[in-house]
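Take a look at the letters that make up each chain.
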Amino acid sequence: MANLNRVFLIGNLTRDPELRYTPGGAAVTSFGLAINTSISRPDGETKEDVCFVKVVVWGKQAETCKQYLVKGRLVCVEGRLMYRSWQQDGKTRSTLEVRADRVQFLGARREEGAAAAVSAAASSEDVAMEEPVGEGAAGEEPPF
């Protein structure tokens, strides 16, 4: 039987991306994504529902996300669901997150300051994600 683990999400960043580096030197960026959905009720009333998802991006694309994305920016994320668990303070913690293979920047930039020097083409750039390679990247957990 075939298996498929693929997600496509379009939403707004809930916070500015956080960039970190693993001990092996691999770049890792994480950010929250809010996906809004309108649900029509039988009585004709529309209800807004929001789903919050944690997104993790690796490699060169992680650095690009940190450079160009800000809270509120609309993005399209393509990736896969990843489940992680770890020990913290004697308790087992776990999380379900999206590991992005591709992040496409949508909509207009909100910052005009330093980002104004960047061409409009760069803001909608599609950077294909490379799998982490080298020391520590293959089986390493994100540093957060």
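Everything quoted here is computed from the prediction, not taken from an experiment. (Residues numbered from 1 in each chain as written. Predicted model: local features only at pLDDT ≥ 70, side-chain atom pairs only at ≥ 80, totals over all residues. Heavy atoms only, no water.)

Enquirer: Can you walk me through the overall build of the chain in this structure?
Expert: Counting its regular elements, the chain contains two helices and seven strands. The 144 residues of the chain split such that 38% are buried. Considering only contacts in the chain between residues 6 or more positions apart, those separated by 24 or more positions represent 62%. Summed over all atoms, the accessible surface of the chain reaches about 8,800 Å², with 52% contributed by carbon and sulfur. (Helix = DSSP H or I, 4+ residues; strand = E, 2+ residues; numbered from the N terminus. Buried < 20%, exposed > 50% of the residue type's maximum accessible area, 1.4 Å probe, protein only. Contact = heavy atoms within 4.5 Å. Areas by Shrake-Rupley, 256 points an atom, 1.4 Å probe, with all protein chains shown as cover.)

Enquirer: What is the right way to read the environment of Leu69 from this model?
Expert: Looking at the element boundaries, Leu69 is found in the loop between helix 1 (60-68) and strand 5 (74-88). Residues Leu69 and Leu13 lie 56 residues apart in sequence; the distance between their C-alpha atoms is 8.1 Å. Excluding its chain neighbours within four sequence positions, the residues that come into contact with Leu69 are Leu13, Pro17, Phe31, Val75, Val103 and Phe105.

Enquirer: Looking at this structure, I do not really get the environment of Leu96. What am I missing?
Expert: Following the sequence through the fold, Leu96 ends up in strand 6 (residues 91-105). For the pair Leu96 and Val55, spaced 41 residues apart in sequence, the C-alpha separation works out to 9.5 Å. Apart from the residues within four sequence positions on either side, Leu96 is in contact with Leu81, Met82 and Tyr83.

Enquirer: Teacher, can you tell me more about the environment of Phe52 here?
Expert: Mapped onto the fold, Phe52 is located in strand 4 (residues 46-58). It is 4.7 Å that separates the C-alpha atoms of Phe52 and Ala34, two residues lying 18 residues apart in sequence. Setting aside residues no more than four positions away along its own chain, Phe52 makes contact with Thr14, Leu33 and Ala34.

Enquirer: What should I look at first to understand the pairing of strand 2 (residues 18-21) in this one?
Expert: Two faces make up the sheet, and in a regular strand the side chains alternate between them. The sheet contact formed by strand 2 and strand 3 (residues 27-40) spans four bridges and is antiparallel. Across the sheet, Arg20 pairs through a bridge with Val28, a residue of strand 3. Taking the residues between adjacent antiparallel strands as the criterion, strand 2 and strand 3 are bridged by five residues, where Gly25 takes a positive phi near 95 degrees. (Pairing = 2+ DSSP bridges.)

Enquirer: Mind showing me how you'd approach a nonpolar patch on the surface here?
Expert: Among the surface-exposed residues, Leu81, Tyr83 and Leu96 lie close enough to one another that they form a single nonpolar patch of about 330 Å² accessible area. Its location among the elements puts Leu81 in strand 5. (Patch = residues over 30% accessible without salt bridge, like charges linked within 9 Å, V, L, I, M, F, W, Y side chains within 5 Å. Salt bridge = Lys/Arg side-chain N within 4 Å of Asp/Glu carboxyl O.)

Enquirer: Just checking my understanding: could you explain the packing of aromatic side chains for this structure?
Expert: For any pair of aromatic rings, geometry is given as the distance between the ring centres together with the angle between the planes. For the structure shown, the criterion picks out one aromatic pair. A ring pair is formed by Tyr68 and Phe105, whose centres lie 6.3 Å apart and whose planes are at 50 degrees; its orientation type is tilted. Of the two residues, Tyr68 sits in helix 1 while Phe105 sits in strand 6, which places them 37 residues apart along the sequence. The same class applies to Tyr68 and to Phe105, which are both buried. (Phe/Tyr/Trp six-rings, centres within 6.5 Å; stacked < 30°, edge-to-face > 60°.)

Enquirer: Honestly, the pattern of salt bridges in this entry has me stumped. Any pointers?
Expert: For the coordinates displayed, the defined rule picks out nine salt bridges. Between Arg41 and Glu45 there is a salt bridge, with its nearest N and O atoms 3.9 Å apart. We classify Arg41 as partly exposed; its relative accessible area is 37%. Residue Glu45 is classed as partly exposed on the basis of its relative accessible area, which comes to 43%. Between Arg84 and Glu97 there is a salt bridge; the shortest N-O distance is 2.8 Å.

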